[in-house]
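Here is what each chain is made of, one letter per residue.
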Protein chains: 2
Amino acid sequence: MTEAIDPSRMCSVGLLTTECFDNLGDFIVQAEETGHDFIVTPVSHPTFRRVLNQDKSNNEQDQKSWKDRPVFDRKDLVVQSADFSQKAVGVLANWTQLDSHDPETRICSELAIKQEIDWACHISLSGLIFPALPQGSIFNTARVINNAVKSMSYTQFLVRVPVADKQDIQGNLGWKQWNRFRALTEYNTKIHVALEITSELPTDKQLLNMWLAEPIKAVIVPAEIFVENPKGYPVLPKPHQKFIQTLMDKMKPDMIVTLPTSKIHKKATPSSYSEYISYLNRKLPPLEDVDHFATGYQDFLQAPLQPLMDNLENQTYEVFEKDPIKYQQYEKAVYKALLDRVEHGSDYVTTIMVVGAGRGPLVNCCLSAAEKSERKIHVYALEKNHNAFVTLQNAKADLWGDKVTLVFADMRKWTPPTKCDILVSELLGSFGDNELSPECLDGAQKFIKDGGISIPASYTAFASPLASTRLNNNVAAYKDLQHCETPYVVMFQQVCELASPKPLWSFEHPNTQGDIPADGDPMNNLHNTRYGYADFTVEHDMMMNGIAGYFESVLYKDVMISIRPETHSPGMFSWFPIYFPLRTPVQVPKGSTVSLQFWRLTDVKRVWYEWTATVQGRDGQEMTTLPIHNVGGRSYYVGL
Amino acid sequence: MTEAIDPSRMCSVGLLTTECFDNLGDFIVQAEETGHDFIVTPVSHPTFRRVLNQDKSNNEQDQKSWKDRPVFDRKDLVVQSADFSQKAVGVLANWTQLDSHDPETRICSELAIKQEIDWACHISLSGLIFPALPQGSIFNTARVINNAVKSMSYTQFLVRVPVADKQDIQGNLGWKQWNRFRALTEYNTKIHVALEITSELPTDKQLLNMWLAEPIKAVIVPAEIFVENPKGYPVLPKPHQKFIQTLMDKMKPDMIVTLPTSKIHKKATPSSYSEYISYLNRKLPPLEDVDHFATGYQDFLQAPLQPLMDNLENQTYEVFEKDPIKYQQYEKAVYKALLDRVEHGSDYVTTIMVVGAGRGPLVNCCLSAAEKSERKIHVYALEKNHNAFVTLQNAKADLWGDKVTLVFADMRKWTPPTKCDILVSELLGSFGDNELSPECLDGAQKFIKDGGISIPASYTAFASPLASTRLNNNVAAYKDLQHCETPYVVMFQQVCELASPKPLWSFEHPNTQGDIPADGDPMNNLHNTRYGYADFTVEHDMMMNGIAGYFESVLYKDVMISIRPETHSPGMFSWFPIYFPLRTPVQVPKGSTVSLQFWRLTDVKRVWYEWTATVQGRDGQEMTTLPIHNVGGRSYYVGL
């Protein structure tokens, strides 16, 4: 019985052959009958190689006239018509030598490959695979392909790259050559990777994870890398299973198995390999709530909220109130604070002010915490959004009654009739302070009695260097400076961190530094400016496309919420990470140190970030110094 | 008696003081009386330092209220009014610590420096000098200045940078820190260098020359670095003289001498130092013809000629016919060829075809060579520009008579009545083949008899990595991709090569490779495509902004013309170098290898170049791989 699998997670499985079938139709029928969705076949016969004119047995005049008028002899073609285009992916000739030292070989290779690409596009093949990047120089290969794919629209272009080199498993040579190629072709969005799984995989997890940042559209699993299980059936070793499933989960690639040239696994049938791959696909770990919530948002760039300038929609409240973890943690924080601050059995009525009450979830947390802790409280619920305020009135009428006083006001300007013991707010953005929690709480902290507290008590911004072709290209697609200097809220998917995040700065509430006058109206906002930096040693050659940002917040004592991967509150979905782009991708050699510099800056009307990155070699040698991004908030700011 | 100096080469000389004069007007009068054009003075008194509040003796409340409302007490200012603005350059406070570890010190330093800048702009000081980049971290310094100069328009901003560090003369620390600063501020065109000459200069010439690529607007020569000559007068050592004169010649900076705090040279008077600097200025080596010719063209980007698509103006012919060297060399080449090919006394009439005769200078060369060599010739003069053809008819009527046959035709299409012994052309561009000499001569080589020759016989393109802030900014000013991928013809001035040029490829004529059919009409132009690369080891930390291109041509045997610096034909001014920009400046660490990759590519209608550069570290580690520029000729091509 086939297990159920979410159709949106299902990968197609194709069958690759290096044989040149005379009757491609028959082969496709066979492939389909043995459980394959498509086939992968050479475009042309090895006979076509004659155009290189390397064995001087051929007539030189023939080759010369081909150079003048490059056209296929139909006998040279394996895929001879458009009949099977929808079911077939082509593989380009493996004998071209675009980076040969011999100019003649280079020129003829270029003509031959262009001729094949042209034909593949003409008959609308669904995909075309370049069989292997040359070792050594790849400059001319990059130039030719970069140019040739310009005219491709329907047909997808893929470059086959092995995960590991047979001679040097840990050397990451495949990725390095691909990376060089991709830099030369400038992240050309028409060029993708067909990743070949190899019999040995690197043991360092990072060397596998870095592929998650690459534009993988197909994964090739050769029959030869399967092993026999005790019953004689072909299966894959555990690390291979895991890596392939991660790729399926994150990239949803087309899967390609190969036709073994001889029987290599006792009990293998022509369908064994594809069935095994489909089995791995079905066995993907089930999606969690947060994944469902994130569907469609993966690697999508959202501009961060402007909470003081915009009012939230009802639907937005609706979604975020469903977070199963965040409000649990708030309730726990209020509960613990009440236990700590008021003796059991006391008549003391703790005054709690919820600032930015929205539709009331935090008010509910407070009331519920009071009940559980058997402490008396009175809640003031402040809200500046006139629409949400109607919902608050409903809740007061229907549920809360006298325990809650509603106030329609901007917390930065309200004059309270009394002061509170506990100030509760949920103003945090993905980077902690990016939705202006510090500025809002500056205004609100005058509501707090001496000895009173704020929940949250503090929050810290974290950052780490990030690789992601997809995010790089999503930003580059805008083709302007502004989008390259704007942080986005992003549900990361096809990304790889170069190193673990490190803290940049923190805010604490109430602010006891004496910077804020008692009337809560500071002359300037200099006390909310911040500067932080962090150094990251990077252990492998990698690219850096941007910076991942996270926050961690202490609500009260040991009650935390966090979106930093290492400490992420399990199941909490209210925040995606924040992504700070870099204007150009930066090469980060093995062993070098990436330094990130961040500023939080303010003027009378705005808050913004500036950031930059530098790379220093193992020997301290300076390699790259990027310009400071978003100078003076020119591209992005949050309005006060 | 004062020697004459070209007023366009005269540098102003200013007097710098670190003293804070109460009466600035008196000081300016004194300075003028002792031969100075302007003064350089602190903007504010050291008393202003109190705002840092570092010695806790001050009233903390004072400092705090200054932070809220930063305004000058007039007693803090040395330059108290706009009265002397035209005669004064300000120096910013030297006690600010923008990269202090203490946030309070950073914030107050930023406020203080902004306050000074704001005042300087308000009173329209002609310039403002930032006294010294901090050692170590300069991130916040860069951010603050980058932001502060935004509002400056009239007042020039300069950063004082010493040529050499006292502790480490050869370490190039000054340049490195400036370079880091400039990368962070992204070649901000409002930030210039005030270069301080130090008592010791690095002995490696390249460490001095690299300053020629920087935006130097002032040169500071402290009194302390002068030495006493035998008569007791202050003079500078030879290397200092030479370097200062080079700077005067290339950058025309404002010169600044300092007021010695005590008598350090026996016979020195208050005017000795400025007089010595003015003397060096007057003693600049006189301009050569080529310099006069180049006036106004230095570092100016000219789009290269499109000789097949455009016809030259009469004025252009007029200028280039005046080249004192080029036609000498052509005449010598024809002369030697005639001597070699025809025996003395023979009646053989050598047929010479001048293809692209213009207004006839090469015809004159041929006739003159024939006369000197006492050989008989007949000249065909081909020209496709109908305007120039009128001038040719005048010359034939007035001078040449029967010795010359005029032909109005495009050499690629003309069918000759006879063949020639010698084909003479001057179709070379700055990069050799960039004005399509190969394509033109493909068409014309069918005119040549078996055993006949072409003058030029061959030409070779050379390239080298180049640093130049000025060229970088001239290209960047266009703010588009197209201009970053277009080669320009440029008279280099404020540039520095990272290494000497190397050859990329050559063309030979007549082409004997059999690529061109006898009818001279090849089916394709593949035989004129080229690929070349060159590696350069760079000995110091430098920046690469673009690539310098040159050509060398063998006209006939040992008769050459060249614009490659190492072999430049002395006095020949017909060609400036060519400049290939790079889309982003590239950091090139000491000891690393720059690889340049160049292609000459063609299709049916166009010829273009593509290029890229990579940098590899000492250990072979890949640091930078730039994208291939001008993919498919998208930004620039020459029409066929």
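Residues numbered from 1 in each chain as written. Chains lettered and ligands numbered in written order. Predicted model: local features only at pLDDT ≥ 70, side-chain atom pairs only at ≥ 80, totals over all residues. Heavy atoms only, no water.

Stated formally: UniProt positions are given in the numbering used here, feature names are shortened, and annotations may be inferred rather than shown by experiment.
Identification of chain A as Protein arginine N-methyltransferase from Parasitella parasitica is taken from an unreviewed UniProt entry. Quoted verbatim from the Sequence similarities (unreviewed entry) heading of the UniProt record, the comment on chain A is "Belongs to the class I-like SAM-binding methyltransferase superfamily."

## Brief notes about the overall build of chain A
Under the convention used in this document: Comment: elements are numbered from the N terminus, with helices defined as DSSP H or I runs of at least four residues and strands as E runs of at least two. Think of it in three bands: residues with accessible area under 20% of the maximum for their type are buried, residues over 50% are exposed, and the middle band is partly exposed, with areas taken using a 1.4 Å probe on protein chains only. Note on contacts: a residue pair is in contact if any heavy atoms of the two residues lie within 4.5 Å. Calculation of accessible area relied on Shrake-Rupley with a 1.4 Å probe; when residues are assessed, cover is drawn exclusively from the protein chains displayed.
The secondary structure content of chain A amounts to 16 helices and 27 strands. For chain A, the spread of C-alpha atoms along the principal axes amounts to about 100 × 55 × 45 Å. A total of 640 residues make up chain A; the buried ones form 60% of that total. Put simply, 82% of the contacts in chain A that link residues at least 6 apart link residues at least 24 apart. In the structure as shown, chain A presents an accessible area of about 26800 Å², 50% of it carried by carbon and sulfur atoms.

## Digging into the nonpolar core
Inclusion rule: What we call a nonpolar core is a set of buried Ala, Val, Leu, Ile, Met, Phe, Trp, Tyr and Cys residues that are connected through their side-chain atoms within 4.5 Å.
Ile455(A) and Ile455(B) are the most contacted members of the largest nonpolar core, which has 391 residues in total. Beyond its immediate chain neighbours, meaning those up to four positions away, Ile455(B) contacts Tyr330(B), Ala333(B), Val334(B), Ala337(B), Ile422(B), Leu423(B), Val424(B), Ser425(B), Leu555(B) and Tyr556(B).

## A word on the relation of the copies chain A and chain B
Rules: Alignment of copies: least-squares fit on C-alpha atoms of residues with pLDDT of at least 70 in both copies.
Superposition of chain A onto chain B requires a rotation of 180 degrees combined with a translation of 0.0 Å along the rotation axis, giving an RMSD of 0.0 Å. Both chain copies can therefore be described as sitting about a two-fold axis. The C-alpha atom lying nearest the rotation axis in chain A is that of Met623(A); the distance is 3.5 Å.

## A few points about the environment of Pro627(B)
Topologically, Pro627(B) is positioned in the loop between strand S26 (622–625) and strand S27 (638–639). We classify Pro627(B) as buried; its relative accessible area is 15%. Taking the C-alpha atoms as reference points, Pro627(B) and Asp26(B), 601 residues apart in sequence, are found 59 Å from one another. When neighbours within four sequence positions are excluded, Pro627(B) is seen to be in contact with Ala183(A), Leu184(A), Glu186(A), Arg583(B), Trp611(B) and Thr612(B).

## Things to note about the sheet that holds strand S5 (residues 156–162) of chain A
Residue and element names in this part refer to chain A. Rules: Two strands make a pair as long as DSSP finds a minimum of two bridges between them. In this analysis, axes come from line fits to C-alpha atoms, helices being fitted only over the stretch in contact, and the angle between any two N-to-C directions falls in the range 0 to 180 degrees.
Pairing in this closed barrel of 8 strands is parallel, and the strands run S1-S2-S3-S4-S5-S6-S7-S10 around the ring. Averaged over all pairs of adjacent strands, the angle between their axes in this sheet comes to 30 degrees, without regard to strand direction. As defined by bridge partners, strand S7 (residues 216–221) adjoins strand S10 (residues 254–258) across 4 bridges and the pair is classed as parallel. Within S10, the position partnered with Ile220 by the bridge is Ile256. Each of strand S6 (191–196), S7 and S10 touches helix H7 (residues 238–251); the most contacted strand, S7, lies at about 155 degrees to it. Along the sheet, helix H8 (residues 272–282) makes contact with strand S1 (13–16), S7 and S10, crossing S10 at roughly 150 degrees.

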